[in-house]
Amino acid sequence: MILGIESSCDDSSIALIDHKNLELKFYKKISQESIHSSYGGVVPELAARLHTQALPALLDEIKGEFNRIKAIAVTNEPGLSVSLIGGISMAKALSISLGVPLIAVNHLIGHIYSVFLTSKARFPLGVLLVSGGHTLVLNIDKEAKIEILATTGDDSFGESFDKVSKMMSLGYPGGAVIENLALKGRDEYKFTIPLKGDKRVEYSFSGLKNQVRLAIEKSENLDDQTKANIACSFQKTAISHIIDKLKIIYDKHKFQRFAIVGGASANLALRGEIEKLAKKYNSEILYAPLKFCSDNGAMIARVGVEKYLKKEFISLSELQVRPNLNLKKAR
Ligand code: KG4
Ligand code: ZN
């Protein structure tokens, strides 16, 4: 079996996948969300401390399976360096004690493989990756080579939900909170869609965040219905922005298969709009099961299986924390 370890942000998670049949043998995640919630975002120092408690506790649960582990796959990029260190240190120590090789996994490649958890990976594939840290549209060719087609110049899609939630004192993370609140609201604010009519094929969410800030400042009474209306208008505009640029990209690339991945891919309103778009192009849409949209060790173990079969191992000294995004070298 391949062990997957994920600790790039505020979730500690491990999983065991049978490399012969992709069966998920063990999966568990300890989320720190409720602890960071009162701060309105992830506090790195606190995240690091919590990983050092959670990761060994998770490992303890699978000690009966140690002798079946063939390789250890661990997220080493991108993410919060102080969080990544926890997973990497544990992976290295275990690799030495069990005498099994290490596999470095890019967190974003992990999200992409979350749609292939139990099936063979199939490329070419178009991808929308929407998480707390990234908003990317990717074209992956049949050799699994990745081309970035669009990204954000400022905030990410998920991050904008977190910030809007924080502005209305609704806690962290904001994604599910805002999505649920939007269901009770009306689109009364009619915010401007970012970069509408602009030729640039890129995303920007900070202007929309400021429109929300102004609406909050102007409202005399920020009661529940007002909050719901703001959530509704914000979400509608953020999704329209995604779709607006995705239409241009779809027109050019005409993806036969398209995956929506990352924590914010759990958003059902977003899924619905992308499905409508994909229908026009006869494009098949792939999602991860809801449980595996957000950060998890299973997607890391799944990439681990792929790399194990190709013998793409990494030495103790080469395995380093790489906090920044670098998809060029990623596979
Ligand atoms: O992939 P993920 O778990 O962590 C990162 O790699 O960043 O994504 C977390 C992000 C958070 O910003 C969270 O608010 C957002 O995904 N998110 C959502 C929803 N569920 C989670 N955003 C919008 N709608 C949701 N339902
Ligand atoms: Zn993620």
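Everything discussed here concerns the structure shown above.
Computed from a predicted model, the values in this text were never measured in an experiment.

Undergrad: Describe in detail the overall build of the protein, supporting the description with residues and values.
TA: Looking only at helices and strands, the protein has ten helices and ten strands in total. In summary, the protein has a C-alpha radius of gyration of 20 Å against a globular reference of 20 Å for 331 residues, a match within 12%. In terms of overall dimensions, the protein has C-alpha extents of about 60 × 45 × 30 Å along its principal axes. Put simply, the protein has 331 residues, and 54% of those count as buried. Long-range pairs, those at least 24 residues apart, make up 73% of the contacts in the protein between residues at least 6 apart in sequence. Counting only carbon and sulfur atoms, one obtains 52% of the accessible surface of the protein, whose full area is about 15000 Å².

Undergrad: Explain the sheet that holds strand 6 (residues 125-130) to me, using residue names and the numbers behind them.
TA: What the five strands build is an open sheet, ordered 8-7-6-9-10; its pairing is mixed. Here the strands that pair on one side only, and so sit at the sheet edges, are strand 8 (146-151) and strand 10 (284-287). The average angle at which neighbouring strand axes cross in this sheet is 20°, direction not considered. Of the pairings in the sheet, the one linking strand 7 (residues 135-140) to strand 8 comprises five bridges and is antiparallel in character. Within strand 8, the residue paired with I140 across the bridge is I146. Against the sheet, helix 9 (residues 268-280) touches strand 6, strand 9 (257-261) and strand 10, its axis set at about 155° to strand 10.

Undergrad: Run through the state of the cysteines, naming residues and quoting values.
TA: For the structure on display, the rule yields zero disulfides. The closest cysteine sulfur to the non-disulfide-bonded C9 is located on C293, 16 Å from its own sulfur.

Undergrad: How would you sum up the sheet that holds strand 1 (residues 2-6)? Please name residues and give values.
TA: As summarised here, the arrangement of the five strands in space is 3-2-1-4-5, forming an open sheet in which the pairing is mixed. On the outer flanks of this sheet lie strand 3 (24-31) and strand 5 (102-106), each paired with one strand and no other. Sheet twist, expressed as the mean angle between neighbouring strand axes with direction ignored, is 20°. Relative to strand 5, strand 4 (residues 71-77) runs parallel, the two being bridged by five bridges. If you follow E77 over to strand 5, its bridge partner there is N106. Those strands touched by helix 3 (residues 81-98) are strand 1, strand 2 (11-17), strand 4 and strand 5, and its axis lies near 155° from that of strand 4. Set on the sheet, helix 10 (residues 297-309) makes contact with strand 1, strand 2, strand 3, strand 4 and strand 5; between it and strand 1 the angle comes to about 135°.

Undergrad: Describe the site of ligand 1, and please don't skip the residues or the numbers.
TA: The environment of ligand 1 is made up of 20 residues, and the closest members are G132, D162, E179, G263 and N267. Interatomic distance of 2.8 Å between a backbone N/O atom of G132 and an oxygen atom of ligand 1. Burial of ligand 1 by the protein chains amounts to 87% of its free accessible area of 550 Å². Sort the elements by how many residues they give to the shell around ligand 1 and helix 5 (residues 157-167) lands first, with four residues. Residues of the shell around ligand 1, tallied by class, amount to four nonpolar, twelve polar and four charged.

Undergrad: Please set out the environment of N139 residue by residue, giving values where relevant.
TA: Within the secondary structure layout, N139 lies in strand 7. Considered as a pair, N139 and A269 are 130 residues apart in the sequence and their alpha carbons are 23 Å apart. With residues up to four places along the chain from it excluded, the contact list for N139 reads L125, K145, I146, E147, L149, H253 and F255.

Calculation rules
Residues numbered from 1 in each chain as written. Chains lettered and ligands numbered in written order. Predicted model: local features only at pLDDT ≥ 70, side-chain atom pairs only at ≥ 80, totals over all residues. Heavy atoms only, no water. Helix = DSSP H or I, 4+ residues; strand = E, 2+ residues; numbered from the N terminus. Rg over C-alpha atoms; globule rule 2.2 N^0.38 Å. Buried < 20%, exposed > 50% of the residue type's maximum accessible area, 1.4 Å probe, protein only. Contact = heavy atoms within 4.5 Å. Areas by Shrake-Rupley, 256 points an atom, 1.4 Å probe, with all protein chains shown as cover. Pairing = 2+ DSSP bridges. Axes fitted to C-alpha atoms, helices over the stretch in contact; angles between N-to-C directions. Disulfide = S-S within 2.5 Å. Near = heavy atom within 4 Å. Polar contact = N/O pair within 3.5 Å; in protein donor to acceptor, adjacent residues only side chain to side chain. Nonpolar A, V, L, I, M, F, W, Y, C, P; charged D, E, K, R; others polar.

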